[in-house]
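Topology and contacts: notes
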Amino acid sequence: MFKTDIASGAVATLSTANYFAGLDAATLDAIARTAIQRDYEVDQVIFLEGKPCAGLHIVQKGWLKSFKASPAGREQIIRVVGPGEVFNEACVFAGGSNRATAVALERATVWVISRERMLRLIDEYPALSRLVIQDLAQRVLHLLDLVEDLSLRTVEARLARLLLEQSAEGVLQRHYWTTQAEIASQLGTVPNVLNRALRNLVEEGLIRMERHQIQILNYKGLKAKAILSE
Amino acid sequence: MLQANQQQERRPVPLIDPARCNGCGLCVRVCPHNVLEMNSGTAVVVRPEACEYVGLCEAICPTKAIQRLFEIVMLDAASDGP
């Protein structure tokens, strides 16, 4: 049985973390029993990138940074985490080694649940599983939105450039015909993304889709968009 | 780039590649203007004048046998050329 002050510290910390919020007291207590408390001084390393998975970490007190070493040897900070936040979950659930290095920015107290224990807890407590799945699913959705947005912005700029390069003034004797699949391929994307980019340009009043014609309505505006590129 | 014939240039309709068409008939069913019909197991355009270039046939075709042709036209008189 835990000493009261340690138990209450673990339970209080766990109950503030996404994964564990809303779990009943008995479940929280059972989970708290598997956690190990660790204290760190300023600049102390909590775990290293590439080393065997150090387990799930939940911050009780203090702030830490997690970063990856860039090829040039500089730090690329991934996250700054504070009280109540969970980190290093990637290797716990996906397997493999620590994806980043974590270092204390100030004196910190952290609770650690090993990978093996965490996986056993998920088997034993469906409510915990559901919370973990929900959290991961939300992150996936956020990343999907981000990826879509990033790739769409690049596509729009390149599409603007392509339209300007391939446009003819008014009606010419010789017409160049293309398909959306061909345009998408030239831009290094897929028709769905191209469609969205075309719709965005239409909404901004830069082009008009008139049956089989992609009409450029605003040359300067489209040129400005083409310059804002990768 | 593709070359379109004069008929196509006036009022183009989606081009159907008979080699890719698998005769599923989805394009016929999805077209809101009844432009397409099945003929000997292949989709063909039978009412070109009704085609509004909506593109549902192109989107739904599982073998990418249907493609709409587009031309890119500069209408902005203020431009001094591409």
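Since the model is a prediction, treat every value here as computed from it, not as a measurement. Residues take numbers from 1 onward in each chain, read along the sequence in its written order. Chain labels run from A onward and ligand labels from 1 onward, assigned in the order the entries are written. In view of the model being predicted, local features appear only for residues whose pLDDT reaches at least 70, and side-chain atom pairs are presented and counted only at 80 or more, with totals across whole chains, interfaces and linings using the full set of residues.

Some details on the overall build of chain B
Heads up, the rule is: Secondary structure elements are taken from DSSP: a helix is a run of H or I of four residues or more, a strand is a run of E of two residues or more, and numbering for both begins at the N terminus.
Helix and strand counts for chain B come out as three helices and five strands. Along chain B, helices (α) and strands (β) appear in the sequence α-β-α-β-β-α-β-β when read from the amino end.

Comments concerning the pairing of strand 10 (residues 207-210) of chain A
Residue and element names in this part refer to chain A. Heads up, the rule is: Should DSSP find at least two bridges between two strands, the strands are regarded as paired.
Looking at chain direction, strand 10 and strand 11 (residues 213-216) are connected through four bridges and run antiparallel. The residue of strand 11 that forms the bridge with Glu210 is Gln213. Where strand 10 folds back onto strand 11 in an antiparallel hairpin, the turn is made up of two residues, including Arg211, whose phi is positive at roughly 55°.

Notes on the sheet that holds strand 8 (residues 108-113) of chain A
Residue and element names in this part refer to chain A. Read from one edge of the open sheet, four strands run 1-8-3-6, paired in antiparallel fashion. The open sheet has two free edges, formed respectively by strand 1 (36-40) and strand 6 (86-87), since each of these has just one partner strand. The sheet contact formed by strand 1 and strand 8 spans five bridges and is antiparallel. In the sheet register, Gln37 faces strand 8, and the bridge partner there is Trp111.

Here's the deal with the pairing of strand 8 of chain A
As judged from the five bridges shared by strand 3 (residues 56-61) of chain A and strand 8 of chain A, these two strands associate in the antiparallel manner. Counterpart to A:His57 in the pairing with strand 8 of chain A is A:Val112.

Considerations on the packing of helix 5 (residues 126-166) of chain A against helix 8 (residues 219-227) of chain A
Residue and element names in this part refer to chain A. The criterion, for reference: Only the stretch in contact is used when a helix axis is fitted, and all axes are lines through C-alpha atoms; the angle between N-to-C directions ranges over 0 to 180 degrees. Roughly parallel covers angles under 35 degrees, roughly antiparallel covers those over 145, roughly perpendicular covers 65 to 115, and oblique covers all other angles. Note: crossing handedness is left-handed where the near helix turns anticlockwise from the far helix by less than a right angle, and right-handed where it turns clockwise. What counts as a contact is two residues whose backbone-derived C-beta atoms lie within 7 Å of each other. Under this grouping Gly is polar, as are all residues other than the nonpolar Ala, Val, Leu, Ile, Met, Phe, Trp, Tyr, Cys and Pro and the charged Asp, Glu, Lys and Arg.
For the pair helix 5 and helix 8, the least separation of the axes is 7 Å and the interaxial angle reads 130°. As far as their axial angle goes, helix 8 and helix 5 are oblique. Crossing handedness for the pair helix 5 and helix 8: left-handed. Within the contact between the two elements, helix 5 uses Glu156, Ala157, Ala160, Arg161, Leu163 and Leu164 and helix 8 uses Leu222, Lys223, Lys225 and Ala226. A breakdown of the residues in the contact of helix 5 with helix 8 according to their chemical character gives six nonpolar, no polar and four charged.

A word on the environment of B:Leu36
With respect to the helices and strands, the residue B:Leu36 is situated in strand 2 (residues 36-39). For the pair B:Leu36 and B:Arg47, spaced eleven residues apart in sequence, the C-alpha to C-alpha distance is 6.9 Å.

Note that every value here comes from positions in space, so none of it alone points to a role or purpose.
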